[in-house]
Amino acid sequence: MPSIIPDPGLPPAVEPITAPIETDEVSYTVDAGTVIYATDIIQVFNGWNDTITVNGTVWLDSNNVYGWFFGGNRPTILNNGLIYLHAKNIAELSPKADYLVNTGSIYSISDSGTARVINSDVLPVYVENSGLIAAQSLGIDETPGDPVYIDTWQAITIDANGWLQLINHEGGQILAEARQLAIAVSGPGRDPTFGTNLVS
């Protein structure tokens, strides 16, 4: 069966960085034409409540269990370029990402575990999209015959358990593809005063 996820293209032909970029609680911009490529680290950026703007390319093809765009707390992410994240088990923008404006393309790809773009357990989440946001779990069996560890093979593109405001403009795509569970948008629905506000 053909994939619903568009082809992101080939990895960049540049030398990979060997350590995360420390943003130090400031705004950081990846300029148009700039490529940041990483392979042997689990996160591209590290900071605290920073604003990261991507006008170029950020590509993480991690050989590790985790693959994060930002490893610190509550980043504001503004993407007008290409963000590609790939890891063995967990791939997502950040463990605590709650603000995303996207006009470009974002890919989050897991081999055997869970792929998410946005993941927030309790914090309010804001997503505005007019580009591509895609999560994909490839369904690779990393532990064949193991009775304890079972691969999850899940893709949840926007996973917001607290409060979600999602504005998806005309032409915007939010895609999820997985061998077991694929959900494009998961938000709260139990309380209409504290729930999901969807605008398209």
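Preceding this section is the structure that the text describes.
Here is a short report on the structure shown in this document. If you're wondering where the values come from, they're calculated on a predicted model, not measured in any experiment.

1. Some details on the sheet that holds strand β1 (residues 21-22)
Here seven strands make up an open sheet; going across it, the order is β1-β4-β7-β10-β13-β16-β19 and the pairing parallel. Each of the sheet's edge strands pairs with one partner strand only, and the pair in question is β1 and β19 (181-186). Of the strand pairs in this sheet, strand β4 (residues 43-46) and strand β7 (residues 66-70) are connected by two bridges, and their pairing is parallel. Bridging from a neighbouring strand, Phe-45 pairs with Phe-70 of β7.

2. Points about the packing of aromatic side chains
A full pass over the atoms with the stated rule returns six aromatic pairs. Aromatic side chains Trp-59 and Tyr-84 sit 4.0 Å apart centroid to centroid with 20° between the ring planes, which places their arrangement in the stacked category. One end of the pair, Trp-59, is in strand β6 (residues 57-61); the other, Tyr-84, is in strand β9 (residues 82-87), with 25 residues separating them in the sequence. Trp-59 sits in the buried class, given a relative accessible area of 3%. Between the aromatic rings of Tyr-84 and Tyr-107, the centroid separation amounts to 6.3 Å while the plane-to-plane angle is 50°, which identifies the pairing as tilted.

Rules and cut-offs
One numbering rule holds for all chains: residues counted from 1, following each sequence as written. Only residues with pLDDT of 70 or above have their local features reported here, since the model is predicted, and side-chain atom pairs are shown and tallied only from 80 upward, although totals for entire chains, interfaces and linings are computed over all residues. Calculation of side-chain values draws on the structure's entire complement of heavy atoms; hydrogens and water are dropped beforehand. Two strands qualify as a pair provided that DSSP identifies no fewer than 2 bridges between them. Secondary structure follows DSSP: runs of H or I at least 4 residues long count as helices, runs of E at least 2 residues long count as strands, and numbering of each begins at the N terminus. Under the pairing criterion, centres of Phe, Tyr and Trp rings, with the six-membered ring standing for Trp, must be within 6.5 Å; the plane angle then separates stacked pairs below 30 degrees from edge-to-face pairs above 60, leaving the rest tilted. Each residue is placed in one exposure class: buried if its accessible area under a 1.4 Å probe, protein chains only, is under 20% of its type's maximum, exposed if it is over 50%, and partly exposed if it falls in between.

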